[in-house]
Amino acid sequence: MSSDPLLQPFQLKHLTLRNRIIITSHEPAYPEDGMPKTRYQAYHVERAKAGVAMTMTAGSAAVSRDSPPVFNNILAFKDEVVKWTRELTDAVHEQGAAIMIQLTHLGRRTRWDKGDWLPVVSPSHAREAAHRAFPKQLEDWDIARIIKDYGDAAERMKAGGMDGIELEAYGHLMDQFWSPLTNTLDGPYGGSLDNRLRFAFDVLREIRKRTGPDFIVGIRYTGDERLDGGLTPEDGLEISRRLKDSGLVDFLNVVRGHIDTDAGLTDVIPIQGMASAPHLDFAGSIRAETKLPTFHAARIPDVATARHAVASGKVDLVGMTRAHMADPHLVRKIVAGQEERIRPCTGANYCLDRIYQGGLAFCIHNAATGREETMPHDIAPAARRRKVVIVGAGPAGLEAARVAGERGHEVTVFEAAARPGGQIRLTAQSERRREMLSIIDWRMAECERLGVAFRFNTWAESADVLAEAADVVIIATGGLPDTEVLSTGNDLVVSAWDILSGDAKPGRQVLVYDDAGDHTGLQAAELIARSGASVEIMTPDRSFAPEVMAMNLVPYMRSLQTLGTRFTVTWRLLAVERQGNLLTAHLGSDYGGASETRTVDQVVINHGTLPLADLYFELKPLSSNLGEMSHEALIAGQPQDITRNPQGTFQLFRIGDAVASRNTHAAIYDALRLVKDM
C-alpha cells in the first residue's frame, strides 16, 4: 500500500473510492441534444481508466423545463436521459471509477429566450447581472412543481446507474432561496433562515422518498457569499450544521463566494495569476465543524497542493477538475512515480471561458481533451521512422516535436532565439501570465526525454534545412505584428509587442488601438498605465477584448480601472499625423457620419500578426507536396500522401501562426492532428 495521502482509499457510505482525487461536477458542454452521448462518454472514460477515484458529471443537469441551460447542459428532465446515462455509468464503472451527477434548477441564472421560452423563476424579481433575465417571482405551485422535478430527475439518475447525485446550491435556485439578497418571498419560503432553507430540505426529503436511504446524496454550496447583505460565514456554518443534523445528505462540497457577476465567478474559480486554493482553509473549517465527508475544488492545480489538502485533514476528497482537463492521466502518473511528467494546468481558463461564450470546453494546451474520439492522449509509435525538421520552437513547433518524438521519429528543431517559447515567452513577461511558460517548459522536458535535438540561436535558411535531408519539414515560425492598418501614419505607431518586449518605452498620453481583442492589447495597456501614463484603449468593435473572454478579463479590469484607464468602443483609428512633439489620431466609425481626433504622444497598435513564412515559400517548390495539405485526411485522421512534385524529396507543411494569426490552442491543435498520423 502506498503511503501517499492522495492514494488512500475512502469510504463514502457504501461506496469505496480507490483514492482521494476526484473530478468535481462541471459541464464541458459536450452533450448532444442534451444527452451525454459518445463524446461525453469518451471524455469521462479517459479519466476513469487513468485512475481517478470518481468523476462527477454535469455542472449542472437541468431538472425542469424552466431551467433551460445557457451552455449545452444535460437535460435531466427528459426520460431519454436514462439510456444515455446508463451507457456512461457502465463505461466508467468498467474502469474502476465511481460516477455521480450534479442536478440543479438554475433559477434566475439562465435566460427566458432559451429552450422552451418559459419565464425565468426565482424567489425575487432581482435580475442576475451575468445572464440578464428579469425573473418571475415563484408562486406556490411553481415551488411544488420544481420539488417534484428534483425527485423525478434523481430517480432517473439512479435508474441510469449513477452512484449518487449532488445538488447545486451556489448561484442557482436553491441558493437563491437561501440568500436574503435574492429571496423576497413571504413565509413559508421567505423571511427567516428557517424559511429560506425550507425549499432545500423539501427537495432533499423528496429525493430521499424517491431514491431511498442508501442512494448517495450530497450538496455543493456556498458557505459565505462574500457580499454585503448576503450569506455570512456564520450563516454558512449554521447551514452546514443543519445539513448534517438533517441526516439527508452524505457529503458536503464547499465553495465560497458568488457567481452572479464575472468578477464574482472568477473569485470562486480563480484563474492564472490568482492565488491557488484560496478557499481550502474555509472548506476545512466546515469539515471540522460537521465531521461530514467534505469535498472541495477551486484552483487546486498541482499535486503538492492536493496532497496538502488531504494530508492536513482539510478535505476528504480533493477536486482537480481543470487539472484533469490538462492531463487526464494525472493519477496514473502519480501512481507510477512520474509526477514531473504531468502536463500542468496553467490556469489560463480557456476551458471555462469558452463555455461561457457558448463553445465547447477545450484545454489551452491539451488539444485531445474533448476530442478523445479523434485525438490521442497517448501517441502511438509510427510504423516507419522518419527524419523530421521543425523550424520554430514556439507552442506549435514544440508540440510538433513532442508528438514526432513520441512517434519515434528523428527530430531536429531550429530556433532563431536563444530560448524556446515564441509569443508565449513574450506574454509570460507579465506576472499575471507567467504560468503560461509551463506550456513551454513541459514540452521541453518531454522533448529532452524523447531525444529531440535543438539548435538555438540559429536563423534557419533554406540551405540549412535542405542539408538535413529530412523526410518532413514543418514550418512553425509564427508571425510578426501587423501595424500597417492606417491610411497614413503607419510609421508613427508602435506595436503592442514593442511595448511588452521593452523595444519601445511607454509614452505619457497613450492611445492603445486594439482590434485584435486578445491578451496582447490589454497587457500592453496595463504595462503603460503602470508606468504612470494616461491610457485610452480603443476598439472599432462594440465590446473590447472579446478574445480574452469573461473570466480572464476580470483581473485586467480590476487593474486598469484602478489605474484610471479609459475604454472606448465603436471608434476606428484611421490615420495618425505628427503635430510638433505630439501625434494627432484621426478617428472614424463603422456606423458612419462621425469623426473625432485625439492628441497623444504615442499610438500603440494591436492588430494580430502576419505569417513569418518566407522560408516556407522558398522551400515550397522543392517539396513533394508543394506545401499542400489535405484537409480531408487531416480531419479523418489519415496520413498526408499528396504528391504534386515527384522530384521533391521531402514533405512540407506549416502550422500555427505561420499560417494565420490565431491562438495557442489552435497552434497546438494544428501540430497534434498533423503529426500524430505522420
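As recorded in an unreviewed UniProt entry, the chain goes by the name N-methylproline demethylase, listed as coming from Pannonibacter phragmitetus. Under the UniProt heading Sequence similarities (unreviewed entry), the note attached to the chain is "In the N-terminal section; belongs to the NADH:flavin oxidoreductase/NADH oxidase family."

The next point concerns the overall build of the chain. Each helix and strand counted, the chain has 22 helices and 27 strands in total. Taking 26 Å as the expected radius of gyration for a compact globule of 678 residues, we find that the chain reaches 27 Å, a close match to that expectation. Projected onto the principal axes, the alpha-carbon positions of the chain cover approximately 75 × 65 × 45 Å. Buried residues in the chain amount to 61% of all 678 residues. Counting contacts in the chain only where the partners sit at least 6 residues apart, residues at least 24 apart contribute 72% of the total. Here the chain displays about 25,700 Å² of accessible surface, and carbon together with sulfur accounts for 49% of that area. Charged side chains of the chain number 75 positive and 88 negative; the gap between the two group centres comes to 3 Å.

Read across the open sheet, the 5 strands follow the order β15-β14-β13-β16-β27; overall the sheet is parallel. Two strands bound the open sheet, and with one partner strand each, they are β15 (453-455) and β27 (651-654). This sheet shows a mean twist of 15° between the axes of neighbouring strands, independent of strand direction. Bridging between strand β16 (residues 472-475) and β27 involves 4 bridges; their strand directions are parallel. Following the sheet pairing, I474 is matched in β27 by F653. Sheet strands touched by helix α13 (residues 395-406): β13 (387-391), β14 (410-414), β15 and β16. Its angle to β14, the strand with the most contacts, is close to 165°.

The end-to-end C-alpha separation of helix α2 (residues 81-94) is 20 Å, in line with the 20 Å expected for 14 residues at 1.5 Å each. Where the residues of α2 are buried, they touch α1 (38-49), β4 (54-62), β5 (98-104) and α3 (140-159). At the C-terminal side of α2, G96 shows a positive phi close to 85°.

Moving on, we get to the domain arrangement of the chain. Assigned domains within the chain: domain 1 (5-357), domain 2 (387-478 + 615-676) and domain 3 (481-610). Measuring from the centre of the C-alpha atoms in domain 1 to the corresponding centre in domain 3 gives 40 Å. For the domain 1 and domain 3 pair, buried surface summed over both sides reaches about 1,000 Å², with 61% attributable to carbon and sulfur atoms. It is I271, D353 and Q357 in domain 1 that bury the most area against domain 3; as a group they hold 42% of the surface buried on that side. Inspection of the region where domain 1 meets domain 3 yields 1 salt bridge. Across the salt bridge formed by R558 and D267, the nearest N and O atoms sit 2.8 Å from each other. Where domain 1 touches domain 3, the interface holds 6 residue pairs in polar contact (both at pLDDT 80 or more). Classifying every residue of the side of domain 1 that touches domain 3 gives 9 nonpolar, 3 polar and 4 charged.

In this model α13 runs 16 Å from its N-terminal to its C-terminal C-alpha over 12 residues, within 8% of the 16 Å that 1.5 Å per residue would give. With 11 of its 12 residues buried, α13 lies for the most part within the structure. Of the positions making up α13, those classed as buried are P395, A396, G397, L398, E399, A400, A401, R402, V403, A404 and G405. At the C-terminal side of α13, G408 shows a positive phi close to 95°.

About the cut-offs
- Residues numbered from 1 in each chain as written.
- Predicted model: local features only at pLDDT ≥ 70, side-chain atom pairs only at ≥ 80, totals over all residues.
- Heavy atoms only, no water.
- UniProt positions renumbered as here; feature names shortened; annotations may be inferred.
- Helix = DSSP H or I, 4+ residues; strand = E, 2+ residues; numbered from the N terminus.
- Rg over C-alpha atoms; globule rule 2.2 N^0.38 Å.
- Buried < 20%, exposed > 50% of the residue type's maximum accessible area, 1.4 Å probe, protein only.
- Contact = heavy atoms within 4.5 Å.
- Areas by Shrake-Rupley, 256 points an atom, 1.4 Å probe, with all protein chains shown as cover.
- Lys, Arg positive; Asp, Glu negative; His and termini not counted.
- Charge placed at Lys NZ, Arg CZ, Asp CG, Glu CD.
- Pairing = 2+ DSSP bridges.
- Axes fitted to C-alpha atoms, helices over the stretch in contact; angles between N-to-C directions.
- Expected span 1.5 Å × (residues − 1).
- Domains from an automatic or database assignment.
- Buried area = accessible area lost by both parts, 1.4 Å probe.
- Salt bridge = Lys/Arg side-chain N within 4 Å of Asp/Glu carboxyl O.
- Polar contact = N/O pair within 3.5 Å; in protein donor to acceptor, adjacent residues only side chain to side chain.
- Nonpolar A, V, L, I, M, F, W, Y, C, P; charged D, E, K, R; others polar.

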